[in-house]
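In case you want the letters, here they are:
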Amino acid sequence: MIYRPSPGTDTIARMTITTGPPPTVNTPVAVARGFLTGVVIGASLTAFVAGCVVESVPLCVTGVGLPAAYGLLLLLAGSPRRAREAAVPPCTALAMIESLRAIGGESSDVPVRFDLTVAPDDAPAFRVGLTQDINLVDLPEYRPRGIVVVQYPPDRPWRAKIVHRPTTDWKDRAAKAGLDSAPASAMVSKPSGGCAVGFAGLLGLLLGAAGVLLLFRADLFDRDTAARSSSSAGPSVSSTSSTTAVSSASGTVALGPGQSFLDKGELRRAVDSLTKGKATGQALTVVVQERLLSVVFAPTGTEALGFDPGSLPYERFPALVEEARTSLGVRSPRSWQLTADRLTGSVTIRVGVTGTEGAASLEANGDGEVVRRTPAH
């Protein structure tokens, strides 16, 4: 790196360039800070999610408040260090603009990305990249190969900033100076945390999440086990997948989508739920469709016309419906309905189907045996 004054001066200062990757920071304090940060992140995220699952407001508040408290603690702990850094006067040096690029522009101050070659008077030259807001009025003053004045903390040159209004002496030096470009290998940047800090942060994140799960494992996993048990117990007419309405004269059960009363045991459970607690338990008619069951109960004094709905051969109903849908000439059945009553003195089961070819039906006795078929016409 050569600093070349303008013609008329007789001083040439030669500076060496230091190259190499940016240093890493693996001090015990940095590792401990990385570990603690990981613990806070893992614990807060897990606490918030677990609080939403178990519906615990204090746990959700803990998940949100823990990072805020940790940030405040870091801010207070770093105050003495920031005070010491602020007390150190910044270094001032000349710099040459290698390149510049505006990266925004919705106001009078435009963020501009600069690549600079900085040439301190008493230290090796280096390259630095920075982003700084430049007023639109001043933007034409900054151009490639132009000389500017920068300031930076002595121990953190990557935090360099362009001085918009330098003193007269520095302005004169910038106007007369000429600088050569430093190679890209001389770029300075903030030291990375290093592998040890990253590993400590990951370990802390896992331990923080595991700690919260361990503390609240009873609420989380017992709840999950109970939910799986209830879902595997089979459909119930009292569950949210069906709707039940019962009065003194009738009762209905409507299943949700994806269910059918032809499913094994579904119809008998629904009928039992409607007749439970009834004084007589007798029904005049039982009407079954794909997802709708209707039972009309026998009024007091008319038990002779009623029948016990629990005596119906429910295990035969799927076969009766299938026979009616496939063997009575209705090739594209759209709907079916099964009706059981005792209007003729004995229990009669009728299954009707409808389709584009018309309607058809079959009749069975109380044991589910087919006694009559009426094909589609």
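For the structure, see preceding data.
Overview of the structure.

Conventions adopted
- Per chain, residues are indexed from 1 in the order of the written sequence.
- Where totals are concerned, whole chains, interfaces and linings use all residues; where local detail is concerned, this predicted model gives features only for residues with pLDDT of at least 70, and gives and counts side-chain atom pairs only at 80 or more.
- By convention in this description, side-chain values take in all heavy atoms of the structure and omit both hydrogens and water.
- A run of DSSP states H or I qualifies as a helix once it reaches four residues; a run of E qualifies as a strand once it reaches two. Both are numbered from the N-terminal end.
- Between two residues, a contact is recorded if the distance between any of their heavy atoms is within 4.5 Å.
- Only the protein chains shown count as cover for residues, and all accessible areas are computed by the Shrake-Rupley method using a 1.4 Å probe.
- Throughout this description, buried means an accessible area under 20% of the type-specific maximum (1.4 Å probe, protein chains only), exposed means over 50%, and partly exposed covers the range between.
- Strands are labelled as partners when DSSP assigns at least two bridges between them.
- What makes a nonpolar core is a set of buried Ala, Val, Leu, Ile, Met, Phe, Trp, Tyr and Cys residues whose side-chain atoms join them at distances within 4.5 Å.
- A fitted line through C-alpha atoms represents every axis, and for helices the fit uses only the stretch in contact; the resulting angles, taken between N-to-C directions, go from 0 to 180 degrees.

The next point concerns the overall build of the chain. Counting its secondary structure elements, the chain contains 8 helices and 16 strands. Relative to all contacts within the chain whose residues are 6 or more apart in sequence, the contacts with residues 24 or more apart total 58%. Summed over its atoms, the accessible surface of the chain is roughly 21600 Å², and 60% of this surface lies on carbon and sulfur atoms.

Attention now goes to the pairing of strand β10 (residues 250-255). Burial along β10 is one-sided: G251, V253 and L255 are buried, and none of S250, T252 and A254, which face the opposite way, are. Here strand β9 (residues 242-246) runs beside β10; their pairing, made up of 5 bridges, is antiparallel. Bridge pairing in β10 places A245 opposite T252. Where β9 hands over to β10, the hairpin turn is made up of 3 residues, counted between the paired strands. With 5 bridges connecting them, β10 and strand β12 (residues 292-297) associate as antiparallel partners. Looking at the pairing, G251 lines up with V295 of β12.

As a further point, take the pairing of strand β14 (residues 348-355). For strand β13 (residues 333-341) and β14, the ladder comprises 8 bridges, and the chain directions are antiparallel. Counted as the bridge partner of T339 is R350 from β14. Between β13 and β14, which pair antiparallel one after the other, the connecting turn spans 6 residues, and G345 there sits at a positive phi close to 105 degrees. Direction of pairing for β14 relative to strand β15 (residues 358-364): antiparallel, over a ladder of 7 bridges. Its bridge partner lying in β15, T354 is registered against A359. Connecting β14 to the next strand, β15, in antiparallel fashion are 2 residues.

Ranked by size, the top nonpolar core spans 32 residues in total, and within it V286 and L293 carry the most contacts. Among the elements of the structure, β10, α7 (266-275), β11 (283-288), β12, α8 (317-326), β13, β14 and β15 are those that each provide at least two residues to this core. Beyond its immediate sequence surroundings of up to four residues, V286 is in contact with L293, S294, V295, F307, P309, L312, L338, T339 and A340. Grouped together as the second largest cluster of nonpolar side chains are 18 residues, V110, V118, L130 and I134 included.

A few words now on the sheet that holds β11. The strand order β9-β10-β12-β11-β13-β14-β15-β16 describes an open sheet built from 8 strands, whose pairing is antiparallel. The open sheet has two edge strands with one neighbour each: β9 and β16 (370-374). Across the sheet, the mean angle from the axis of one strand to that of its neighbour is 10 degrees, orientation sign disregarded. Against the sheet, α7 contacts β9, β10, β11 and β12, and its axis sits at roughly 35 degrees relative to β12. Across the sheet, α8 lies against β13, β14, β15 and β16, angled at about 40 degrees from β14, the strand it touches most.

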